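Here is what each chain is made of, one letter per residue.
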Amino acid sequence: MKRREFLGYSALGALLLSTAGTMGYALSRQHPHGASPASLAALPKGGQPLQPLPRIANLSESAGRFRSVLTPGPHSVPLSDELEARLWLYNGKVAPLIEVREGDELDITLINELEQETTLHWHGVPVPPAHDGAPWDAVAPGESRQYRYNFPQGSAGLHWFHPHPHEGTARQVAHGLAGALLVRPAEDVLLAEVEEHLLVISDLRLRASGEIATHTAEDWMNGREGELLLVNGQREPRLDVAPGTTLRLRLINACAGRYLRLRLDEHELILIGTDGGLIERPQPLEELLLTPGERADLLVRVSERAEGHFQLASHPYERGWMGDRPPHLDEVAPLLAIYTLDSDARAPVSLPERLGRVEPLGEPAVQRRVALTEVMPGHDDHGAGDSDPHAAHGDPNTGHGDPHAGHGGGSGSHHGTHGPGNGVDHAMDEAAERPEVDFLINGRAFAMDEILFEGKVGEVEEWEVFNDSHMDHPFHVHGTHFQVIATRDADADGEGEGEGEWQEAPWLAWKDTVNLAPYQRLKLRMVFREPGDWLLHCHIIEHEELGMMATIRVS
């Protein structure tokens, strides 16, 4: 497709006009790390009606095919009469949506309009490795790349897409690059009376000029938490519903580092799905912890009380913060205000006895140990040598050389103080803020030319993942979904030795991202269906970029 033809489809002008009225950014009371109020953007309050996600247009005229173009690039989004936010967006849209069905073919061309290399990672979708958007498949400025995938039966779920370049991901995510991918089932098990809303939760930090603020040392150590907490690009939107309405809230935590401890005033949350789609039976919850990269599918039957007001909010969660502690960590963060109308109550909605099917994977052919650690100068490495990184496989590098030769990889740089790769225009002041700390997997920081594990297509693998550190880490695996089959928590003193007994998971779900509390161990079982090189990493974006990432080669 020619460039001018694509611009005719994207309708950026219409988007910016609509976005100006719906993006209710506002600065919370706190100011990060000593920044003065004058240095950050003071913006209008929230409270506008919740808007649906803007859609990426399907340019195909063929049934069962979704074809389009994504153009990550800089865009100015009006926030008020006096201020524009200078973001990096796909097609000029804040949190855009691609919607397909099982059986559809996805055909996306990425045209890089940034001044640095980027990739397009389909988080939660087991695409072939050449289409996964891994850092060794970077797209240079002005270049393009095609991503294709056919969604098989059983692939329904809420996924998302975001950049994944080598040592450039944190900056691109901080500028707003993220979108949702919804795969509908061939037949939906939920009744049409259920009112569905997709909620992409993200955050930003804007200077008074509208520019994205650079990373601080605390951002790198903890994972960045922008003070502007957004739902579908809006601050604290409202949703008006009839009393007794059954809501389906499908959430994505698209934040770089912020944990969401979700509660809804006076309501129970019913979990019906996770990263990989529906679970077998509904699970009632008082609250839900949604960590960076995770998705959740919730049902809520709203109160039958007319003219009520209920707040979906994120409550404080202690995840082991390092350095200056911003006040917002100890405050309740409102997300969505739900109001009931002055009308008759709707009847409850019945659910099927079984929602989805999650078959146990069975006994493993391979067992591995994965240890997540952090190392700071002058401190112990928190047991980085606890696990043999090559257990049961010998040295995975023997006889391999550069696994990404010819794919733009092989830089070998990995330490958190290293600069970004080819084509990345990081400002010097941001690079200088990177602390001297490494986040490691099995005692090693990520390197583009190293393979940590080797596996085989179709084998059941069991990974014992140990968070040998004082802070939480959300663990993500590319190329597959896994089942959490058992957990083992730290002892009463919060240390890693002398833990309690292994506890079997009470129910199974398909996951691609899961949280590990300090010194907690999880047993994960998974099967890789596609050969290739797949990443495993912490999904706190800054920790990933400072080294907590590795590669498994599947043949």
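Above this text sits the structure in question.
Residues numbered from 1 in each chain as written. Predicted model: local features only at pLDDT ≥ 70, side-chain atom pairs only at ≥ 80, totals over all residues. Heavy atoms only, no water.

### Re the overall build of the protein
Applied cut-off: Secondary structure elements follow DSSP: runs of H or I of four or more residues count as helices, runs of E of two or more count as strands, with numbering from the N terminus. Note on exposure labels: buried denotes an accessible area under 20% of the residue type's maximum, exposed denotes more than 50%, and partly exposed covers the range between, all computed with a 1.4 Å probe on protein chains only. Residue contacts are counted whenever heavy atoms from the two residues lie within 4.5 Å of one another. Where accessible areas are quoted, they stem from the Shrake-Rupley method and a 1.4 Å probe; at the residue level, only the protein chains shown are allowed to cover.
If you tally the helices and strands in the protein, you get six helices and 31 strands. When each of the 555 residues of the protein is scored for burial, the buried share is 58%. Nonlocal contacts in the protein, meaning residues at least 24 apart in sequence, comprise 79% of its contacts between residues at least 6 apart. Counting only carbon and sulfur atoms, one obtains 48% of the accessible surface of the protein, whose full area is about 21400 Å².

### A look at the environment of I441
Structurally, I441 is set in strand 22 (residues 438-441). Taking the C-alpha atoms as reference points, I441 and G547, 106 residues apart in sequence, are found 7.8 Å from one another. In this structure I441 touches V370, A371, L372, L452, L536, H537, M548, M549 and A550, once residues within four positions along its chain are discounted.

### Quick look at the nonpolar core
What counts here: For the purposes of this section, nonpolar cores are sets of buried Ala, Val, Leu, Ile, Met, Phe, Trp, Tyr and Cys residues that join through side-chain atoms within 4.5 Å.
In terms of nonpolar packing, the biggest core is built from 37 residues, with V370, W463, F475 and L524 touching the most fellow members. Among all residues touching W463, those that are not within four sequence positions of it are R368, V370, F475, V477, L522, K523, L524, M526, F528, L536 and I552. The next biggest cluster of nonpolar side chains, apart from the first, holds 30 residues, and it includes I201, L229, A296 and L312.

### Quick notes on the pairing of strand 21 (residues 366-375)
This is how the line gets drawn: By this definition, two strands are paired if DSSP reports at least two bridges between them.
Of all 10 residues making up strand 21, seven are buried, and the element is well covered by its neighbours. Here strand 21 pairs with strand 24 (residues 460-467) via seven bridges, running parallel. Following the sheet pairing, R369 is matched in strand 24 by E464. For strand 21 and strand 22, the ladder comprises four bridges, and the chain directions are antiparallel. Residue V375 lies in a different strand from strand 22, and its bridge partner there is D438.

### Here we look at the packing of aromatic side chains
We apply this condition: Aromatic pairs are defined between Phe, Tyr and Trp rings, using the six-membered ring for Trp, whenever the two ring centres lie within 6.5 Å; interplanar angles under 30 degrees are classed as stacked, those over 60 as edge-to-face, and all others as tilted. Sitting over a ring, as applied to charges here, requires NZ of Lys or CZ of Arg to be within 6 Å of the ring centre and within 35 degrees of the ring normal.
All chains considered together, the criterion is met by eight aromatic pairs. A ring pair is formed by W463 and F528, whose centres lie 6.5 Å apart and whose planes are at 35°; its orientation type is tilted. A residue pair is termed long-range when its members are at least 10 positions apart, and W463 in strand 24 and F528 in the loop between strand 29 (521-527) and strand 30 (532-538) qualify at 65 residues. For the pair W463 and F528, a shared accessibility class is recorded, and that class is buried. Members of the aromatic cluster, joined through ring pairs, are Y90, W122, Y147 and F161. Note that R238 overlies the ring of Y339, its terminal NZ or CZ placed 3.8 Å from the centroid. Note that K523 overlies the ring of W502, its terminal NZ or CZ placed 4.6 Å from the centroid.

### As for the sheet that holds strand 5 (residues 105-111)
Short version of the rule: Every axis in this analysis is a line fitted to C-alpha atoms, fitted for helices over the stretch in contact. Angles between the N-to-C directions lie between 0 and 180 degrees.
Overall, mixed pairing links the three strands, which are arranged 1-5-7 in an open sheet. Of all the strands in the sheet, just strand 1 (65-70) and strand 7 (144-150) have a single pairing partner and so form its edges. On average, adjacent strands in this sheet sit at an angle of 10° to one another, irrespective of strand direction. As judged from the six bridges shared by strand 1 and strand 5, these two strands associate in the parallel manner. Bridge assignment links R65 to a residue of strand 5, and that residue is E105.

### What to know about the sheet that holds strand 20 (residues 333-340)
Taking strand neighbours across the sheet as the criterion, the five strands line up as 12-20-19-14-17 in an open arrangement whose pairing is mixed. Here the strands that pair on one side only, and so sit at the sheet edges, are strand 12 (238-241) and strand 17 (288-290). Averaged over all neighbouring strand pairs, the angle between strand axes comes to 25°, with direction disregarded.

### Side note on the side chain of T246
In this structure, T246 sits in strand 13 (residues 246-253). On the basis of relative accessible area, T246 is assigned to the buried category, the value being 9%. Those residues in contact with T246 that sit more than four places away from it in its chain are E193, V194, E195, L299, V300, R301 and V349.

### Examining unusual backbone geometry
Leave glycine aside and you will find that most residues have negative phi; peptide bonds, for their part, are mostly trans. Residues other than glycine seldom take positive phi values, yet E266 does so here, at roughly 60°. In this model, E307 sits at a positive phi of 55°, which is unusual for a non-glycine residue. Mapping E307 onto the fold places it in the loop between strand 18 (295-301) and strand 19 (309-315). A relative accessible area of 61% means that E307 is categorised as exposed.

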